[in-house]
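# Structure assessment
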Amino acid sequence: MRRLVAYPLVALGLVTASLAVASPASAHGYVSSPPSRQALCASGRVADCGPIQFEPQSVEGPKGQRNCHGGLAQFAVLNDNSRNWPATSVGSSVTFSWVLTARHSTSSWEYYLGGRRIAFFEDGGRQPNATVSHQVSLAGFSGRQTLLAIWNIGDTPMAFYNCIDLQIGGGGPAPSPTAAPSPTARPTASPTARPTVRPSSPAASPTTRPTGTVPGGAQWAPGTTYRTGDEVTYQGVRYRCRQSHTSIVTWEPSYYTLALWLPI
Amino acid sequence: MREIRIALAAAALALLAGCGTAAPEPAAYQPPAAPRADATFNTTDVMFLQMMVTHHTQGLEMVKLARTRQTSEEVAMLAGAIEVTQTTELEVMQGWLNTWGEPTTAGHDPNAHASHGGLPITGADEMAALRKASAAQFQTTFLNLLIGHQHNAVEMARMETDGGVNPQVKDLANRITLSRNEQIKQMLGLVAA
C-alpha cells in the first residue's frame, strides 16, 4: 500500500502569501547574524509577522531610506518597535553576516546607529562573494539600540534594509520575544491537520526544543531531537530512528525519509 | 467483526505455537515504493525537475563537505538529515525524467538571471567560499550559504507550483517549499546562536 504524502493546503497558504509580496526576482538578501528583524520572523522566534516570514530576503526599496521595512506596506511590522523585538547581546565589535540569494552588483554597505552612519563598505559596483560579513565597531554605544544595515545595489536605484536589535556591552539577557517559545505547543504542525493559514508559532525554535531520548511509543512530532534508536509511532506504525536529527514537517516517516526512519 | 475474527485466529496461532507472547509474527515489511509520476507533464515540470536535479546536486556537495569540517552537533545532524533526504529526492526526480525520456540535466545559461538584476550564486561559488572558510568561520559560512541555497529552492518550487501540470511534481514542489522553509528556520536559529 502506498501512502500518499501531500501538503496541498499548507503549500497553498505558503504560495499565496509569497505571491502577494513580491516576485522571486526581487528577493535577494538580509542579515542573519546577529539576527535582523526579518530573520527573527523567518526563524519563528517572533510570531505573527505576516508575509515577511517567508521572504526575509525581500525587504527591497528605493535607496536613501532610514527605516526597517524599505517603505513596503506589507512589511510594516518590521518598523513596529512596540513588537518588543528580542535584542542580541553583543560587545563593542560585531561581525554582521548576510544571507544572499543573488549576487547583485553592489555599490556599498552601510551601518547606521543612533542616527549616524558608523560604518561604510564601498564595493564600487563589484559582485559580492557568495557570503558577506562585515566587522563593525560599536565603540561609544551601550544599552539597547536598533542598528540599521543597508545593502545598496550598484545597477538599480534599490537597496535592501535590515533592522537589528542589539544589547550593547554587559547588560542582562535580551528581553524575551513577544511570545515565549514552547516546543510542545504546536498542535497545527501535523501535515494532515494543518490549516491554510500557516501558523507563525515560534515553537520550532531549535534553541528551545527538547533534547534527549524520546519516550517509547510517542507520536512523531516536528521540532523534536530524535536520537538513533528512538522509537515513534506515526499513522499507527512504529518506527525506529536510524540517524539522529531534529525533526521538521516533511521528515516524518515516508519513502523520502527511509534513511531516517525504519518501520519496526 | 472481522477484526475480532483475526484477533481470535492470531490468539489461536499463538496458542498452537506454544508462545507466551501474544503478538503474532508480523507480515514481512514491504518498504514503500518510490513515488511514480503520471505521464502527463509540460515543459515547466521538466524544467523544474532538471533545475532541481542540479540544485540538489550542489546542495549535496555542500552538506558532504560539512562532514569533513568542524561543526556543532546540531549542524552536523541537520547536514546529515539533509544529505539523506535530498539524495532520495534526487533519485526520484531523476527517475521521473528518465521515465519521461527527458534528459536529467539542462544546459544552464549562467546569465539567465542577469535580467532579473542579479546573478545567482552558483554551486561553484558556494563550494569555493566553503573550502576557503577558516575553521572559525566555517559553520557561519556554511549556514549562510545553505540558507541562501534553500531560499533559492523555494523560489524554484514556486515556478512549478504556478506553471507545472503534473500532480506528483507539483506535490514534490510543495514538499520542497515546506521542507526548505523549515530547514531555514532551524538554520537561522543556529546561525544566530
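Definitions and limits used
- Residues numbered from 1 in each chain as written.
- Chains lettered and ligands numbered in written order.
- Predicted model: local features only at pLDDT ≥ 70, side-chain atom pairs only at ≥ 80, totals over all residues.
- Helix = DSSP H or I, 4+ residues; strand = E, 2+ residues; numbered from the N terminus.
- Buried ≥ 20, exposed ≤ 12 C-beta atoms within 10 Å, placed from the backbone.
- Contact = placed C-beta atoms within 7 Å.
- Expected span 1.5 Å × (residues − 1).
- Pairing = 2+ DSSP bridges.
- Core = buried A, V, L, I, M, F, W, Y, C linked by C-beta atoms within 7 Å.
- Axes fitted to C-alpha atoms, helices over the stretch in contact; angles between N-to-C directions.
- pLDDT = per-residue confidence, 0-100.

## Remarks on the overall build of chain A
Each helix and strand in chain A was counted, giving two helices and 15 strands. Within chain A, the fraction of its 264 residues that count as buried is 45%. Residue pairs in contact within chain A that sit at least 24 positions apart in sequence constitute 61% of those at least 6 positions apart.

## Quick notes on helix 6 (residues 167–192) of chain B
With 26 residues, helix 6 of chain B should reach 38 Å at 1.5 Å per residue; the first-to-last C-alpha distance of 37 Å fits that figure. The buried fraction of helix 6 of chain B amounts to 23 of the 26 residues, a majority that puts the element mostly inside the structure.

## Quick look at the sheet that holds strand 12 (residues 231–234) of chain A
Residue and element names in this part refer to chain A. Strands sit in the order 10-12-13-15 across an open sheet of four strands; the sheet is mixed. Each edge of the open sheet carries a strand with a single partner, namely strand 10 (218–219) and strand 15 (261–263). Alignment of strand 13 (residues 237–241) against strand 15, held across three bridges, turns out to be antiparallel. Counterpart to Arg 240 in the pairing with strand 15 is Leu 262.

## A word on the nonpolar core
Of all hydrophobic cores here, the largest spans 77 residues; its most connected members are Ala149(A), Leu143(B), Met187(B) and Leu188(B). One finds Leu49(B), Met93(B), Val154(B) and Val169(B) within the second-largest nonpolar core, a separate group that totals 16 residues.

## Remarks on the sheet that holds strand 7 (residues 132–137) of chain A
Spatially, 1-4-7 (chain A) is the arrangement adopted by the three strands of the open sheet, whose pairing is antiparallel. The open sheet is flanked by strand 1 (29–33) and strand 7 of chain A, the only strands paired with a single partner. Across this sheet, the average inter-strand angle for adjacent strands is 35 degrees, counted without regard to direction. By the bridge criterion, four bridges tie strand 1 of chain A to strand 4 (residues 93–100) of chain A in an arrangement that is antiparallel. The partner of Val31(A) across the bridge, within strand 4 of chain A, is Trp98(A). Contacts from helix 5 (residues 135–163) of chain B reach strand 1 and strand 4 of chain A within the one sheet, and its direction differs from that of strand 4 of chain A by about 30 degrees.

## Concerning the confidence of the model for chain B
Residues and elements named next belong to chain B. With 77% of its residues at a pLDDT of 70 or more, chain B shows a mean pLDDT of 84. Low pLDDT (under 50) marks residues 1–22, which in the prediction has six contacts with non-local residues, meaning those over four places away or in another chain. Ignoring residues within four places in sequence, the model shows residues 113–118, a span with pLDDT below 50, making 13 contacts including any to other chains. On the interface metric, ipTM, the complex scores 0.81, and its pTM is 0.79.

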